[in-house]
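# Descriptive analysis of the structure
Residue strings, one per chain:
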Amino acid sequence: MNHNLLDIKGIKVGHAENTHGKTGVTVIIAENGAVCGVDVRGAAPGTRETDLLNPINSMEKVNAVVLSGGSAFGLEASCGVMQYLEEKGIGFDVGVTKVPIIPAAVLYDLENGDVFCRPNQEMGRKACENATDKILLEGDVGAGCGATVGKLRGTLGWCNSGIGSWAETTENGITVGALIAVNAFGDILEKGTIIAGTKDEDGNFLDTAKGIIRHASTLSFSGKNTTIGVIATNVKLTKAQAAKVAGMAHDGLARCISPVHTTMDGDTLFCLSTGEIELPTAPVDWVGIMAAKVTEEAVLRGVKAAKPF
């Protein structure tokens, strides 16, 4: 077992990044398709194809999910993923071609490198070429390349962050994994202790949530953050059930990010189901509880794997 998202059979993950520009792309590919749900909790999201995932809409499966830096500019990387998968014959068959179904979410990293270096079609294609089911890199790679946390003082006191993954498998073969790019406005906590976040002039951690409350009348922020990620499981779920699991996975973010789901974040989580195992009862509760657990661990791993400034 890899103890990461690659423990789900049929899933590949690829990264591509520009280390000078401090931005990148991560693609999660399900070549045989996967049922997908989404839950957006942050108030400043940048997304693509999330309406398609509404349970009342017709498309049942997706072929990939793209996580990208570059703010809204980074959505262009999805076009490179579409071209790559179409050339491989992967997508929804419309007769004349196959149309890849690819939801995406972006995070804001424009102030942490070259503002004019953004994920584009070429970078999206490169991430597909790098996709593998053998090894999953964490830290300052892919969508986590330019990620930071702790923005109470803007660029003056933030910490470097990254992308992390974790998965767990039960005795009866149920596997749930998470891959999270951590770019939060708030602090990262492990067992209640801040391990990354806003620092003061002396390098000591401040408490971002308390700072906002203390200075509520004078603070002014805009949406320049966002934690995005993918939950995946081998349990069979409907689109509605996958959306519920994605919502429960946000509990994992709330356990280790403070504050979370603010107006300055666009926190978005997708849930992929490959349908390998069918549970007779309560699949949402089984998977959702595990999803929150692995999401929390993936956040901590992403922060710890990042190189400090």
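The structure under discussion appears in the preceding block.
So, here's what we can say about the structure. (Residues numbered from 1 in each chain as written. Predicted model: local features only at pLDDT ≥ 70, side-chain atom pairs only at ≥ 80, totals over all residues. Heavy atoms only, no water.)

### Things to note about the packing of helix 4 (residues 239-256) against helix 5 (residues 283-305)
At their nearest, the axes of helix 4 and helix 5 sit 7 Å apart, and the two run at 35° to each other. Taken as a pair, helix 4 and helix 5 cross one another with a handedness that is right-handed. Contacts from Q241, K244, V245, M248, A249, D251, G252, L253, R255 and C256 of helix 4 reach helix 5 at P283, V284, V287, G288, I289, A291, A292, K293, T295, E296, V299 and L300. A per-class count over the contact of helix 4 with helix 5 returns 13 nonpolar, four polar and five charged. (Axes fitted to C-alpha atoms, helices over the stretch in contact; angles between N-to-C directions. Helix = DSSP H or I, 4+ residues; strand = E, 2+ residues; numbered from the N terminus. Left-handed = near helix turned anticlockwise from the far one by under 90°. Contact = heavy atoms within 4.5 Å. Nonpolar A, V, L, I, M, F, W, Y, C, P; charged D, E, K, R; others polar.)

### Description of the pattern of salt bridges
One pass over the full model with this rule turns up nine salt bridges. The salt bridge involving E87 is made with R125; its shortest N-O contact spans 2.8 Å. In this pair, E87 sits in helix 1 (residues 77-87) while R125 sits in helix 2 (residues 121-129), placing the two residues 38 residues apart along the sequence. Its relative accessible area of 58% is what places E87 among the exposed residues. Given the relative accessible area of 22%, R125 is considered partly exposed. As a salt-bridge pair, R301 and E138 come within 2.8 Å of each other at their nearest N and O atoms. Remark: E138 occurs in the loop between helix 2 and strand 8 (148-149) and R301 occurs in helix 5; sequence separation between them is 163 residues. Take R301: its relative accessible area is 28%, and that puts it in the partly exposed class. (Salt bridge = Lys/Arg side-chain N within 4 Å of Asp/Glu carboxyl O. Buried < 20%, exposed > 50% of the residue type's maximum accessible area, 1.4 Å probe, protein only.)

### Here we look at the sheet that holds strand 15 (residues 257-258)
If you walk across this open sheet you meet the three strands as 13-12-15, and the pairing is antiparallel. Looking at strand neighbours, the two that pair on one side only are strand 13 (193-196) and strand 15, the edges of this open sheet. Where strand 12 (residues 187-190) and strand 13 come together, three bridges link them in antiparallel fashion. Within strand 13, the residue paired with L189 across the bridge is I194. Across the face of the sheet, helix 5 comes into contact with strand 12, strand 13 and strand 15 while running at roughly 110° to strand 12. (Pairing = 2+ DSSP bridges.)

### Concerning the packing of aromatic side chains
With the rule as written, the count across this model stands at zero aromatic pairs. If you follow R118 out to its NZ or CZ, it ends over the ring of F73, 3.6 Å from the centre. (Phe/Tyr/Trp six-rings, centres within 6.5 Å; stacked < 30°, edge-to-face > 60°. Lys NZ or Arg CZ within 6 Å of the ring centre and 35° of its normal.)

### Re the side chain of T226
Tracing the backbone shows T226 in the loop between helix 3 (208-214) and strand 14 (228-235). Within the local environment of T226, its side chain forms a polar contact with the backbone nitrogen of G266, the two atoms lying 2.6 Å apart. Among residues more than four places away in sequence, those in contact with T226 are A44, V106, L107, A181, N183, M264, D265, G266 and D267. (Polar contact = N/O pair within 3.5 Å; in protein donor to acceptor, adjacent residues only side chain to side chain.)

### Quick word on the pairing of strand 4 (residues 61-68)
Burial analysis of strand 4 places seven of its eight residues in the buried class, the great majority of the element. When strand 2 (residues 23-40) meets strand 4, the two strands line up antiparallel, connected through seven bridges. In the strand pairing of strand 4, I29 is matched with A64. Taken together, the three bridges between strand 4 and strand 7 (residues 104-106) define a ladder with parallel strand orientation. From the neighbouring strand, V66 faces strand 7, where its bridge partner is A104.

### Regarding the environment of Y84
Relative to the elements of secondary structure, Y84 occurs in helix 1. Residue Y84 is classed as buried on the basis of its relative accessible area, which comes to 15%. Each C-alpha atom of the pair Y84 and K126 lies 9.2 Å from the other, and the pair is 42 residues apart in sequence. Leave out the neighbours within four places in its chain, and Y84 touches R125, C128 and E129.

### What about helix 1?
It helps to recall that an α-helix has 3.6 residues per turn; residues three or four apart then point in one direction. Looking only at helix 1, the buried set comprises A77, S78, G80, V81, Y84 and L85. Each buried residue of helix 1 sits inside an arc of 155° when the element is viewed along its axis, so together they form one side. Residues of helix 1 that are buried sit in contact with strand 2, strand 3 (47-48), strand 4, strand 7 and helix 2. One or two residues past the end of helix 1 sits G89, with phi positive at roughly 75°. (Arc of directions from axis to C-beta.)

### Some details on the packing of helix 1 against helix 2
Running from N to C, helix 1 and helix 2 point in directions that differ by 50°, and their axes come no closer than 6 Å. As the angle between them shows, helix 1 and helix 2 are arranged oblique. The chirality of how helix 1 crosses helix 2 is right-handed. Where helix 1 approaches helix 2, its residues A77, C79, G80, V81, Q83, Y84 and E87 are matched on the opposing element by Q121, G124, R125, C128 and E129. Considering only residue class, the contact of helix 1 with helix 2 consists of five nonpolar, four polar and three charged. (Parallel < 35°, antiparallel > 145°, perpendicular 65-115°, else oblique.)

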